[in-house]
Amino acid sequence: MNYVVTVQQPTEVTAVATGYFTSATEFNLIVAKNTHFEIYIITCEGVKLIKDVSIYGRIKILKCFRLSNMNKDVLFILTDKSHGMILDCQKTENDPYEILTKCHGSLKDNNRASIQPPSCTIDTKHNLILLRISEGIIKLIYLKDLTSRNLEAYNIKINEQYIIDIQFLSDHQKPTFIILYSRKPESYYINSNEPEEYYLCTYEIEVKERDIRRLTWTEKLTLSKASFLIPIGQNDFSALVIGRNSIEICKENNKRLEIKSSLLQKTTSIICYCTIDEGYRYLLSDDCGKLYLLILEHDKHNENLSITVTNIKLDLLGEISTSRYIIYLNNNLAFIGSNFGDSQLIRIFSEQQNGSHFEILESYANLGPILDMCFIDVERQSQQLVTCSGNRKDSSLRFIRTGIGIHEHASIDLRNIKGIWALKINNQYDNHLVVAFFDQTRLFHLQNDEIEEVELSAFDYQHQTLFCTNVTSNQYLQITTYSIRLIGDSGQDLLVEWKNMNDEITVASANTTQCVCASGNQLFYFEIGSGNLTEINKCELPHNIACLDITPLDIREERTNLCVIGLWTQISIWICRLPTLDILHKELLTSDTLPRSAVMITFDDQPYVFVSLADGPIIYYLLNSEQGLLYERKKVSLGTKPTTLTICQHTDLSNSSTVSSRTVLFACSDHPSVISLSNNKIVFSSVNLHEIVCICSFNSEYYGSSLTLVTDMGVILGRIDDIQKLHVRSLVLGESVQRIVFMDEEKIYIILTQYMDVYKSDSIVSISKQAHQKIDCTTKIKAIEDLTNQQSSNASNSIVILDQHTREARISVKLLNNEEATSLCIITFTDDPATPYIVVGTTIGFENDDDEQRLGRLILFRYKNNQLNMITEKEINSSPYKILPFQGKLLVAIGNSVRLYNFSVEKQELIQQPESYTGRMKCLELKIKDDFILFSDLLGSLTILRYNINENKFEEIARSIYPQLTTACEFIDDDTFICSESDGNLISYNKNSDSTKEQERTILNELGLYHLGEEINTFRHGCLVTQQTTESTISLENCILMGAISGYIGLVLQLPPTLYQLLMSLQLILAEYVTSIGKIDHSSWRSFRSDGRSNVSYGFIDGDLIETYLDLPKTVQLELITNSHKGNNIQLNTTVEELVKLIEELSRIH
């Protein structure tokens, strides 16, 4: 019973289109990213994102078009389950960009699916959409108008198989299309030496008869891997055909024209194109990320609008991300939609500038494909996910954290700061900063974006400032360890100075009209007037005072009648009445560490007192402001160092139409957090800085509402995000990365990389070549030495060690010729438990070799003090696809077997244990938990093994009965497992251990089926959120993160049965209420379908759907619970408030 929710939406681009979709005057870029599409407005400056739309399906086709009776464009989308839809965008009262479904329908049939991706072409003159989804069939959708809500297609048989591309020819009297096809599948040419053969032919559509007629023009082509077909001209039978490294123009009754260019190397493959203008200039890109400009020089014959191409020119423009999609916008702008790296917005120069033909205006992060990832507890404080993302030259490591980001405006390079306060001097905005050090104070003036140090004569610069603020009557209050100073005349006139002759001041607090300070155990209370500072009262407490606060509970008030006091020795919090200093309440903190900071604050009319302790935790209470009583104590652990609490005013900029300010509490520590209230729950949101010493609000005229944050490196003036979200940092590698592990003892990442000269980048130095120390790996194994010397390789494989903090490459180890690293782990062996080792599994082989015939080896390294030593190596007879530490031994999946190796410290060698397990097919995935092993193989079965430590052997416990191509798997707990398969489904299993029947115990029970719509490559236990609320009812113990080819990151959370039933009931209600884009049923979208097997979804909750409940108006929330769907016997035994709190808590785990 699992809750599945999106952490990061897909980032890989799967389709692009342009058109006037949002209005007749707004030109749009529309970018599909698997299960959602983004709508941008195109301007002369660039593009602006205005809407992100999720749909129930994986987008395979996205086309913008306009029929003759329309004044703007509409959008055609086809999903992977063959749901078709035509969408419109209209302005409504609730949404300026509301997406409406004009018509929709299922276009699925029972014919054999094509091995090629689906193709689509649209003839707006004849109102036709032509689709090729299945082999031997084309679908025609006739769009006489869009008044019909049903999208219907009729099938027409076509003789040609293995259709590669299909396009309408424009401006013919009858709808006419051209196809590019092969008579044999692509795999045939890969595995044979025969020359590739491709064909062109044309058809005319008889709309009334719902039939097609083959025309006379056909062509036989000998291009290498013909891929694209581009019609040329109007009312013409001519087309541009693009192959792997060839470009030809074919025209009826004309000789073919082929380009001759040295740029088209044999190793290059053109993978995408777009038209620039009038069909005679094109942008092309290859699989190395090179961008080309193709120009067709031509003569035009006006009498029949036909053209004759006289020459073809190809120019290299430069290097971009390797991309499947390019689209020209306008004003020399083009969008590069990448599936291997970051997408880009570029501006093409009409003439070369600074040695370049274009500039990159913007990059859009793409995490896909995620090939591996590791989960790190950074200094035991915050969680970080590191992904192996991208491919070839676009590969990178992505460092992902959840938190509140900082947007820096300016910085001051100052160290050893003890405190900071903002002042308004002769200004309605903050324009000065008072900065305290151990034995001095400095004052800075900020004007626009300039910062300068100043001295105003009435301030004390010789002592440490403890507190400083604007007070009544345009005065300033500075409290130092030496005195209290009331200052006027814009900082030039010292009006009053109070000193304690016996001891220095240790702590202080003030507001607009009141001030308190302490010297040891003495407490002094003052009131502030115009030109006067009056001591009203004082008292002695039994212990020294550690912290004070007299912040008004109502921010609109200038004074308070309560004072919070934190005491040393007794370690307690006292509440006293002002001005009498009468003690109202004493609260023991039941802690061994003293209170460091105390603050009174009001959230939603409820007063609180927060207290931070010297070792990091925060204790907070509800406060009865009338009686001064503290109650309902709660405790939260943040960092491990002393925490300072500061109230800040935070301006919410998330809604561009309104700007609102709210009070938040900032916890400054080695785990800085923003404390706020959400749905009556105190929420702690991590801030993405390593450590913050102190902070203050700074409402600048130039920068607006900001904060000044003091770190150990200086002062940052900036703005924090309005909400907690994912923050991604990138380390570009310049070569493919396959595996990653983290060694906590040495604070290093170890990655396995592969560099290929053919995919090298002109602008990126590969990470293995950046290493401070470069080592060539050797071998003493004769068979491997002989094999690796047989022939050279165009690929270089390396083991690279990166510093965790600087992310610099410390060491790279180059493997042998034709040796590829396939697996990696960190392990401590039973015979040497204090020493962590690095184990790398490699395979040696050549192209088209059978994996089972390959040799390999296990290499054992020791890394310490920036030195890497190879300890030993072990020859193996196949590819070690997975290696894991297991009960002090090394567990290795080799071919179809699982073996155990121990390390002999005395002999310094890996020794294979006598027992092994042999499966039916090659192992694809291996996971462990305690003495259980999860094994998935190429045949599609999932097997549970147990290692019997007494008999030293593997025992098969159970296996799945339905074959599926498993892409990843993981233990949820001892008895429950989850796996993903190649059709984008999740399956959960459990062991049937309690059954009395032997046969039932050997079969894995399916607990749940769920169509995720993502091909998951890896699962990792963990959660990016370290702290939710103290009242949390959700256990994060069994959270699992998953990474997909599309760049999607998801989270799976195990639910207790009662919570699962509640959320499942809500899911059924929401699925009926929430209108989906394209009118696709939620049940249809999430239903399981794989290899002819289909089933409804069960055992999983769609967290993305559940969390839409929070976006509904309160009246609708109430209606869904109390009134709706009672006819379906779906009832929720809860209240809106309870349900909102629950879903809010679930939403904060990702």
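None of the values given here were measured: they were computed from a predicted structure.

(A) Geometry of the overall build of the chain. Secondary structure assignment for the chain yields nine helices and 88 strands. Relative to its length of 1150 residues, the chain is compact, with a C-alpha radius of gyration of 34 Å against a globular reference of 32 Å. Oriented by its inertia axes, the alpha-carbon framework of the chain measures out at about 105 × 80 × 70 Å. Every one of the 1150 residues in the chain was classed for burial, and the buried ones make up 58%.

(B) Representation of the environment of Leu 965. Along the polypeptide, Leu 965 turns up in the loop between β78 (953-959) and β79 (966-971). Since its relative accessible area comes to 39%, Leu 965 is described here as partly exposed. Taking the C-alpha atoms as reference points, Leu 965 and Leu 1070, separated by 105 residues in sequence, lie 32 Å from one another.

(C) Up close: the domain arrangement of the chain. Parsing the chain into structural domains produces domain 1 (406-724) and domain 2 (739-910). On a C-alpha basis, the centres of domain 1 and domain 2 stand 54 Å from each other.

(D) Seen up close, the sheet that holds strand β41 (residues 493-498). Reading across from one edge, β38-β39-β40-β41 is the order of the four strands in this open sheet, with antiparallel pairing throughout. Looking at which strands have only one partner, the edges of the open sheet turn out to be β38 (465-471) and β41. Strand-to-strand twist in this sheet, taken as the mean axis angle between neighbours without regard to direction, amounts to 15 degrees. Pairing between β38 and strand β39 (residues 475-480): six bridges, direction antiparallel. When the bridges of β39 are listed, Val 471 appears paired with Gln 475.

(E) Up close: the sheet that holds strand β26 (residues 323-328). Overall, antiparallel pairing links the four strands, which are arranged β26-β27-β28-β29 in an open sheet. At either end of the open sheet lies a strand with only one pairing partner, and these are β26 and β29 (356-364). On average, adjacent strands in this sheet sit at an angle of 25 degrees to one another, irrespective of strand direction. Two strands pair when backbone bridges link them, and β26 and strand β27 (residues 333-338) are joined in this way by five bridges, in the antiparallel orientation. Its bridge partner lying in β27, Ile 327 is registered against Phe 335.

(F) Region of the structure containing the nonpolar core. Formed by 66 residues in total, the largest nonpolar core has its most connected members in Phe 37, Leu 62 and Tyr 1109. Ranked by residues supplied to this core, first place goes to helix α5 (residues 1057-1073) with seven residues. Filtering out sequence-adjacent residues up to four positions away, Phe 37 remains in contact with Ile 30, Val 31, Ala 32, Lys 51, Asp 52, Val 53, Ile 55, Ile 59, Leu 62, Leu 75, Ile 77 and Leu 87. Among the nonpolar cores identified, the runner-up in size contains 32 residues, and Ile 425, Leu 477, Cys 515 and Cys 517 belong to it.

(G) Broad picture of the pattern of salt bridges. All told, the structure shown has 39 salt bridges when counted by the stated rule. A salt bridge links Asp 88 to Lys 72, with the shortest nitrogen-to-oxygen separation between them at 2.6 Å. Linking Asp 88 in strand β8 (residues 83-90) with Lys 72 in the loop between β6 (59-65) and β7 (74-79), this pair joins segments that are 16 residues apart in sequence. Look at Lys 72 and you get buried, because its relative accessible area is 10%. Asp 974 is the salt-bridge partner of Lys 929, the closest N and O atoms lying 2.9 Å from each other. In this pair, Lys 929 sits in strand β75 (residues 923-929) while Asp 974 sits in the loop between β79 and β80 (976-981), placing the two residues 45 residues apart along the sequence. Taking the relative accessible area as the measure of exposure, Asp 974 reaches 34% and is therefore partly exposed.

(H) Layout of helix α9 (residues 1136-1147). Its 12 residues give α9 an end-to-end C-alpha distance of 16 Å, which sits within 8% of 16 Å, the value for a rise of 1.5 Å per residue. α9 sits mainly inside the fold: nine of its 12 residues count as buried.

(I) Quick peek at the pairing of strand β74 (residues 909-918). Across seven bridges, the pairing between strand β73 (residues 897-904) and β74 is antiparallel. Across the sheet, Asn 902 pairs through a bridge with Ile 911, a residue of β74.

Scoring rules and cut-offs
Residues numbered from 1 in each chain as written. Predicted model: local features only at pLDDT ≥ 70, side-chain atom pairs only at ≥ 80, totals over all residues. Heavy atoms only, no water. Helix = DSSP H or I, 4+ residues; strand = E, 2+ residues; numbered from the N terminus. Rg over C-alpha atoms; globule rule 2.2 N^0.38 Å. Buried < 20%, exposed > 50% of the residue type's maximum accessible area, 1.4 Å probe, protein only. Domains from an automatic or database assignment. Pairing = 2+ DSSP bridges. Axes fitted to C-alpha atoms, helices over the stretch in contact; angles between N-to-C directions. Core = buried A, V, L, I, M, F, W, Y, C linked by side-chain atoms within 4.5 Å. Contact = heavy atoms within 4.5 Å. Salt bridge = Lys/Arg side-chain N within 4 Å of Asp/Glu carboxyl O. Expected span 1.5 Å × (residues − 1).

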